[in-house]
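# Close look at the chain arrangement
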Amino acid sequence: MKILLSAIPFDNGKSGISVYIREVVKALENAGHQLTLIVEDDGAKEFERFELIRIKKRRALFSMLYSLFILPWRIRWQKYDFCIMLAANRRVFCRYPIFNIAVVHDLSQYHVPVKYDKFRMFYIKHILPYYVRKAQSIVAISNSTKNDLIKYWHIPEEKITVVYNGFTPPAKEETSKLKQILYISRIEHPGKNHLNLLKAFELLPENLRKEYTLVMPGAAWNGAETVFEYAEKSPCKTQFKFTGFVDFAQLPELYAQSAMYIFPSHFEGFGLSLLEAMHAGLPCACSNNSSLGELGRNAAELFDPSSPQEIASAMRKILENSDYRQDLIRKGQKKAAVFSWQKTAADLLEIYHCRSAAIFGVPFFCGTMGEALQKIDALVQSKANHHVAFINAHCLNIVCKDKAYKQVLNGCAAVFADGIGAKIGAKMLDYKVEENVNGTDMFPLLAQKPYRIYLLGGAPGVAVKALEKARALNGKAEFVGCADGFFNEKSEEAVFAEINALQPDIILVAMGVPKQEMWIHEHRQDLPGCVAIGVGGLLDFVSERIPRAPVWMRKCNIEWCYRLYNEPSRLFKRYIIGNPLFIIRVLRSKLWRKK
């Protein structure tokens, strides 16, 4: 696939975000995808092997505004299948002409209010949320970040997917253990919480203070002078070691020499070094908040990062108890084994392949007809019972009143958007439906597949006529039988007997909504390992009992007008009253989300 990746900002390769960008790019490259990267000057050399859209590195203010309002108009979007913004909590676009995945690492500014100046806080709290919400899919790198996106940026939960970071295991280093406690982080106050860590070290028993060194590699960032000044005045200053920035090649030796790893940050979107330390076989202690609490649960000693006493207690517990150290080492290595950059990249790609929208709490696929057929083919190949449905504005109006119908739709193996109503509703909620995937247009395409198809539904005589017309298509499909939808309990047994004898791959159920969905849901387990698809009035069109709109009307998305013209009494309420009602409900849904 051709993927556009926004790799800004790259922070000169010295931040957690730069590690994320570098490793995801490498994993996608190794998977064989064709990548184009948007980079600033500080990332150009790192990614010179790729096709680049290069922009000049500017001061933060100008970089934010340029990325937001000018850069999107420079990009030839039609060249790419989709786009991933690898640091959407820092830079976004004002427009997304193709499917876009916005990766948000953290909203730490809400937890560490003094992290940025007033302008940047305004940008983060008021400008970024508006444009991130417009992305078709939003990725949070932890459940902590997901919860923050819902709470602070009011992102709909169904639009967020949690895709954990991977990590690159440092090479195993054979070296003797030193009496040192390790914390790898940029020196940033107050966010990274070095000050409380220094105070906690001072609270350790005298024998531990004299025996151990607190090693803190990391580049100096905002507020670093506060940390250095405190360390210089501390009675334990000889036990504090600030090494400056260390690159990845130096990490194995640091981990191998250390007795334990501690991560006291006030807030982290993920915390890569915690997993690295676990993998390296270090017993770990970390904050009980944000993603650190998530990653450390049942694998590390947790503490309140605002309490030097609790931090000191955690260090002491690990350093003085050898059995507990071994238990944490075993649990940490088991936890770290779950994460990899290959899995992160695969999960990001899966979001594109399964891209969906959601209206009134009903998710549905918003890709192309070709992709929808691939999904059905995969379901057929599984040889299991599956339910596939189509939804339009009328269906979604019913959802608002019928909870059982909504529950059935949410349990389907696939739901496809049928008609202009679903497309408009999705667009109003900042989703993009690429193609009208309706049952009537899908039918002749299914007929070209080597499936065994059974037709069920319609008025008496309609299914038989539809079967004749279907067999006349001369496709690869074998239309094995049919039955109308007007059967009682006794005749229903005969229908099931016939279906089980014929062993179809697909059953097209045309009973109208929500009846057909409820029928499939009730009887799915009685079917012989096939895909049951609710197709509404399809058999009326196939049998030619009701004519379809001219092609030009279908292309203009006004087929509903033709149907209303042919059946005004039956469809007046659905279209003339139902369509405006649907739009009002979508607007109300959007307003409710914002509140």
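Let us look at the structure shown here. (Residues numbered from 1 in each chain as written. Predicted model: local features only at pLDDT ≥ 70, side-chain atom pairs only at ≥ 80, totals over all residues. Heavy atoms only, no water.)

### Some details on the overall build of the chain
- If you tally the helices and strands in the chain, you get 26 helices and 21 strands.
- When its C-alpha atoms are laid out on the principal axes, the chain stretches across 95 × 50 × 45 Å.
- Residues classed as buried in the chain amount to 55% of the 595 residues present.
- Long-range pairs, those at least 24 residues apart, make up 69% of the contacts in the chain between residues at least 6 apart in sequence.
- Accessible surface computed for the chain: about 26300 Å², of which carbon and sulfur atoms make up 52%.
- With 78 positive and 60 negative side-chain charges, the chain shows a separation of 6 Å between the mean positions of the two kinds. (Helix = DSSP H or I, 4+ residues; strand = E, 2+ residues; numbered from the N terminus. Buried < 20%, exposed > 50% of the residue type's maximum accessible area, 1.4 Å probe, protein only. Contact = heavy atoms within 4.5 Å. Areas by Shrake-Rupley, 256 points an atom, 1.4 Å probe, with all protein chains shown as cover. Lys, Arg positive; Asp, Glu negative; His and termini not counted. Charge placed at Lys NZ, Arg CZ, Asp CG, Glu CD.)

### Some words on unusual backbone geometry
- A cis amide bond links Ile8 with the next residue in sequence, Pro9, at an omega value of -5°.
- As for its placement among the helices and strands, Pro9 is situated in the loop between strand S1 (2–6) and helix H1 (16–30).
- Between Val513 and Pro514 the backbone carries a cis peptide bond, its omega angle lying at 0°.
- Mapped onto the secondary structure, Pro514 falls in the loop between strand S20 (506–510) and helix H22 (515–523).
- Positioned with a positive phi, Asn298 is a non-glycine residue whose angle comes to about 65°.
- Among the secondary structure elements, Asn298 is positioned in the loop between helix H11 (290–296) and strand S13 (301–303).
- With relative accessibility at 65%, the residue Asn298 sits in the exposed group.
- Here Asn557, not a glycine, exhibits a phi torsion of approximately 60°, which is positive.

### A word on the pattern of salt bridges
- Across all of its chains, the model carries 29 salt bridges by this definition.
- Between Lys469 and Glu544 there is a salt bridge, and its shortest N-O distance comes to 3.5 Å. Of this pair, Lys469 sits in helix H20 (residues 462–471) while Glu544 sits in the loop between helix H23 (538–542) and helix H24 (551–555), placing them 75 residues apart in sequence.
- Its relative accessible area of 30% is what places Lys469 among the partly exposed residues.
- Residue classification places Glu544 among the exposed residues on the basis of a relative accessible area of 55%. (Salt bridge = Lys/Arg side-chain N within 4 Å of Asp/Glu carboxyl O.)

### Describing the nonpolar core
- Within the largest apolar cluster, 87 residues are counted, with the highest numbers of intra-cluster contacts made by Ile84, Tyr261 and Ile262.
- If one sorts the elements of this core by residue count, H1 sits on top with 7 residues. (Core = buried A, V, L, I, M, F, W, Y, C linked by side-chain atoms within 4.5 Å.)

### Things to note about a nonpolar patch on the surface
- A cluster of nonpolar side chains, contributed by Leu61, Phe62, Leu65, Phe69, Ile70 and Phe119, occupies part of the molecular surface with about 530 Å² of accessible area.
- The greatest single-element share of the nonpolar patch, amounting to 4 residues, is contributed by helix H3 (residues 60–69).
- Along the chain, Ile70 turns up in the loop between H3 and strand S4 (82–85).
- Residue classification places Ile70 among the partly exposed positions, given a relative accessible area of 44%. (Patch = residues over 30% accessible without salt bridge, like charges linked within 9 Å, V, L, I, M, F, W, Y side chains within 5 Å.)

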